[in-house]
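# Structural characterization, general
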Amino acid sequence: MRIDLNADLGESWARWESGHDVALLDIVTSANVCCGAYAGDPDLMRATCEAAVRRGVAIGAQVGYADREAFGRRDVDLPDDVLTNEVRDQINLLDHIVRSVGGRLTYVKPHGALYNTIVHDEVQARAVVDAMISLTEQLPLLGLPGSVSLAIAEAAGIRGIREGFADRAYTSQGRLVPRSEPGAVLDDPDLVAAQAIRLMGSVESVCVHSDSPGALVLARAARTGLEAAGAQLASVEP
């Protein structure tokens, strides 16, 4: 079974300069590169993309609310046309940078509050999909299984890629437990590995967060667990 392992990258110069993000690129098969809205900047985007291209790691556009104070993890009520324009601009900026370093953008993944909002909010989900429809080259959309965003994307002819989280707790309805609640973020490598294995067969891509404490250990645990269970780690093909 082929499965992708992705991580959010390009969000922090401190993590980049420490070697943390580079080390993650040696573990994952896809990098969700922050497009400069909730964190990061064009120089960090370029450095991250260059390193990903050298390693053959797929690059996706991590789009989000332009809310640096809350790291894109706070709900923002935007008019749908404003959200569409913001998402499109973020994708186009990263696409330009990726192409300039010899790479190719292969998918789009919303971040934080935007990701969770478009699981159920049809207006914002459609705004994100409208941004993707307007692109010169159509790209797949990563999202939670059963989300409104994937349904709208697929109805518009955009491929939906179902994603699971190795380092996040789930509700009984299959949604992510809010970060404000105890136990929402898993920090035990054994639990992360076990959850990654449980996700096999129900998702095409598994995410680990780069800003979690012990992220490198958790990412290695997820990869080791998946491979031990017979998975072939490979990026999702566009």
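Residues numbered from 1 in each chain as written. Predicted model: local features only at pLDDT ≥ 70, side-chain atom pairs only at ≥ 80, totals over all residues. Heavy atoms only, no water.

All right, on to helix H6 (residues 122–133) then. Over its 12 residues, H6 runs 16 Å from end to end, which matches the ideal 16 Å to within 8%, given 1.5 Å per residue. Three or more residues of H6 are buried, namely Gln124, Ala125, Ala127, Val128, Val129, Ala131 and Met132. Looking at the packing, one finds that the buried side of H6 touches helix H4 (80–100), strand S4 (105–110), helix H5 (112–117), strand S5 (141–143) and helix H7 (148–155). Looking at where H6 begins, the residue whose side-chain oxygen comes 3.0 Å from the main-chain nitrogen of Val123 is Asp121. (Helix = DSSP H or I, 4+ residues; strand = E, 2+ residues; numbered from the N terminus. Expected span 1.5 Å × (residues − 1). Buried < 20%, exposed > 50% of the residue type's maximum accessible area, 1.4 Å probe, protein only. Contact = heavy atoms within 4.5 Å. Polar contact = N/O pair within 3.5 Å; in protein donor to acceptor, adjacent residues only side chain to side chain.)

A few words on the layout of surface pockets. Looking at the largest pocket, its volume works out to about 420 Å³. Lining the largest pocket are 24 residues, with Gly112, Ala113, Asn116, Arg168 and Leu176 sitting closest to its centre. Elements with a minimum of two residues in the lining of the largest pocket: S4 and H5. Take the lining of the largest pocket: its biggest share by element is 5 residues, from H5. Taken together, the residues of the lining of the largest pocket break down into 9 nonpolar, 7 polar and 8 charged. (1 Å grid on protein atoms, 1.4 Å probe; cavity = no way out; pocket = protein on both sides within 12 Å on 5 of 7 lines; lining within 4 Å. Points joined across faces, edges and corners; volume = space filled by probe spheres on them. Nonpolar A, V, L, I, M, F, W, Y, C, P; charged D, E, K, R; others polar.)

Applying the stated criterion across every chain, the model contains 2 aromatic pairs. Centre to centre, the rings of Tyr115 and Phe165 are 5.5 Å apart; their planes meet at 90 degrees, and the pair counts as edge-to-face. Residue Tyr115 is located in helix H5, and its partner Phe165 is located in strand S6 (residues 160–165); the two are separated by 50 residues in the primary sequence. Across this residue pair, the class does not change: Tyr115 and Phe165 are buried. (Phe/Tyr/Trp six-rings, centres within 6.5 Å; stacked < 30°, edge-to-face > 60°.)

Let us look at the side chain of Asp167. Along the chain, Asp167 turns up in the loop between S6 and helix H8 (189–199). Arg168 provides the closest opposite charge to the buried, salt-bridge-free Asp167, at an N-O distance of 6.0 Å. A polar contact of 2.7 Å, which involves the side chain of Asp167, links it to the backbone nitrogen of His209. For Asp167, the contacting residues outside a window of four places in its chain are Ala184, Val185, Leu186, Val192, Cys207, Val208, His209 and Ser212. (Lys, Arg positive; Asp, Glu negative; His and termini not counted. Salt bridge = Lys/Arg side-chain N within 4 Å of Asp/Glu carboxyl O.)

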